[in-house]
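# Chains, contacts and geometry: an overview
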Amino acid sequence: MDTGRIKTLFELFCGEECSAQHEPIIELAMLEVEKMLHENADANDIRLNYLCAAMANLRYYQALTASDRSTFTYGGKMLEDKEKKILHFAEGLLKGYFRLCSDLIKGDEFIFIGVT
């Protein structure tokens, strides 16, 4: 896996320039993907860069939405619909890359993200 390429793809997916605050999330995503690989899988397969970037993108948005980002209205407070949509699209992107890398990763030995 190529860290530089993963950072570039992460920037593409999240729409922000990669900074020091993003690096731990990217490193964690790389470790998660490494643990999912088959023993005989090629760790330099270019598809894994996309999978890592999509994983980091989802983890980043999960961290952002974990804090209380609610909107106050006349009737009370409610979660913003925009944040739900962002998470939904980040999950969809990750699922697509899991399918793309299905021959490189273990199928039944990891638990996928929860769907809200």
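Here is what the cut-offs are and how they apply
- Residues numbered from 1 in each chain as written.
- Predicted model: local features only at pLDDT ≥ 70, side-chain atom pairs only at ≥ 80, totals over all residues.
- Heavy atoms only, no water.
- Helix = DSSP H or I, 4+ residues; strand = E, 2+ residues; numbered from the N terminus.
- Buried < 20%, exposed > 50% of the residue type's maximum accessible area, 1.4 Å probe, protein only.
- Polar contact = N/O pair within 3.5 Å; in protein donor to acceptor, adjacent residues only side chain to side chain.
- Salt bridge = Lys/Arg side-chain N within 4 Å of Asp/Glu carboxyl O.
- Core = buried A, V, L, I, M, F, W, Y, C linked by side-chain atoms within 4.5 Å.

### Considering the side chain of Asp45
Secondary-structure assignment places Asp45 in the loop between helix H2 (23-36) and helix H3 (46-66). Given a relative accessible area of 17%, Asp45 falls into the buried group. A distance of 2.9 Å separates the side chain of Asp45 from the side chain of Arg47, its partner in a polar contact.

### Things to note about the pattern of salt bridges
According to the stated counting rule, one finds four salt bridges in the structure shown. Close ionic contact of Arg47 with Asp103 constitutes a salt bridge, the shortest N to O distance being 3.0 Å. Of this pair, Arg47 sits in helix H3 while Asp103 sits in the segment after helix H4 (81-100), placing them 56 residues apart in sequence. Residue classification places Asp103 among the partly exposed residues on the basis of a relative accessible area of 49%. Residues joined in a network through salt bridges with shared partners are Asp45, Arg47 and Asp103.

### Points about the nonpolar core
Side chains that are nonpolar tend, in soluble globular proteins, to be buried together. Formed by 31 residues in total, the largest nonpolar core has its most connected members in Phe10, Ile26, Leu48, Leu51, Met55, Leu94 and Phe98. Those elements that place two or more of their residues in this core are helix H1 (3-14), H2, H3 and H4. When residues of this core are assigned to their parent elements, the largest contribution, 10 residues, is made by H3.

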